[in-house]
Amino acid sequence: MAGASNLPPGFRFFPSDEELIVHFLRRKASLLPCRPDIVPTLLLNLCDPWELNGKALQSGNQWYFFSHATQSRTSPNGHWNPIGADEIVRSGGCNVGLKKTLIFFTGESFEGIKTNWVMHEYHLMDGSISCSSSSNSSSSSKRSQKKKGHSDTESNSWVICRVFESSYDSQVSFHEEGTELSCLDEVFLSLDDYDEVSLPNN
């Protein structure tokens, strides 16, 4: 599956940072099925951003895909250069992931030409999930215990990416911090109760 989504007509894929990590990246890293299973896996170093159409999941002017975490983000005609500080992504008072922002440059490293292509790269937190509230310490401990036997190396080997071409240098974020989960959460949480979801044939 690549490019087109399997969502019913009228549905739009526009997840928040929190949803990308909680509903997609965490399940991918835990070897659990992602529902809906619409985000493909790509090798970042084999594809320039303008070649994502038809390969990554497209929603409007944004493209989504899973990839393996790597320090070298080079592609056939350029490289991704990180800018700014990493942002912490929170869910229910817990730190669940990191968001890195990168800009695509054509040409060789340190001599490239800056483009308007922007990528948000999402990572799971190293080790156990960190919660700021003492009331969440019990659930955090349970999560940490549940993750024993599942190596941090495997969890951190996956990232999920959102790529878009920006008209403005400052356009690097779509969702303000502190927003509540969108209606996608209700859909995904309800789907978690089912092993398989199918649409009726036309």
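Structure first, text after, so check above.
Computed from a predicted structure; not experimentally measured.

Draft legend 1. Representation of the overall build of the protein in the model. Looking only at helices and strands, the protein features four helices and eight strands. Each helix and strand of the protein, placed in order from N terminus to C terminus, yields the pattern α-β-β-β-β-β-β-β-α-α-β-α. Buried positions account for 40% of the 202 residues belonging to the protein. Surface summary for the protein: the accessible area is close to 11600 Å², and the carbon and sulfur share equals 50%.

Draft legend 2. Main features of the pattern of salt bridges. Across all of its chains, the model carries five salt bridges by this definition. In this structure, Asp17 and Lys99 form a salt bridge, with 3.1 Å as the shortest nitrogen-oxygen distance. Of this pair, Asp17 sits in helix α1 (residues 17–29) while Lys99 sits in strand β5 (residues 94–106), placing them 82 residues apart in sequence. Glu87 is paired through a salt bridge with Lys99; the nearest N and O atoms lie 3.9 Å apart. Taken together, the residues span a long stretch of sequence, with Glu87 in strand β4 (residues 78–91) and Lys99 in strand β5 at a distance of 12 residues. Since its relative accessible area comes to 1%, Lys99 is described here as buried. Residues joined in a network through salt bridges with shared partners are Asp17, Glu87, Lys99 and Arg162.

Draft legend 3. Main features of the pairing of strand β6 (residues 113–124). The buried count for β6 comes to nine of 12 residues, which makes it a mostly enclosed element. The antiparallel pairing of β5 with β6 creates a hairpin that spans six residues between the two strands, and Gly107 there sits at a positive phi of about 90 degrees. With six bridges joining them, β6 and strand β8 (residues 158–165) adopt antiparallel strand pairing. If you follow Trp117 over to β8, its bridge partner there is Glu165.

Draft legend 4. Seen up close, unusual backbone geometry. Of note in this structure, Leu31 is not a glycine but carries a positive phi near 60 degrees. With respect to the helices and strands, Leu31 occurs in the loop between α1 and β1 (57–59).

Draft legend 5. Representation of α1. Counting buried residues along α1, 11 of its 13 residues qualify, which places the element largely inside the surrounding structure. Buried residues of α1: Asp17, Glu18, Glu19, Leu20, Ile21, Val22, His23, Phe24, Leu25, Arg27 and Ala29, and no others. In the stretch just after α1, Leu31 is the one whose phi turns positive, near 60 degrees.

Rules used throughout
- Residues numbered from 1 in each chain as written.
- Predicted model: local features only at pLDDT ≥ 70, side-chain atom pairs only at ≥ 80, totals over all residues.
- Heavy atoms only, no water.
- Helix = DSSP H or I, 4+ residues; strand = E, 2+ residues; numbered from the N terminus.
- Buried < 20%, exposed > 50% of the residue type's maximum accessible area, 1.4 Å probe, protein only.
- Areas by Shrake-Rupley, 256 points an atom, 1.4 Å probe, with all protein chains shown as cover.
- Salt bridge = Lys/Arg side-chain N within 4 Å of Asp/Glu carboxyl O.
- Pairing = 2+ DSSP bridges.

Structural measurements only, silent on function.
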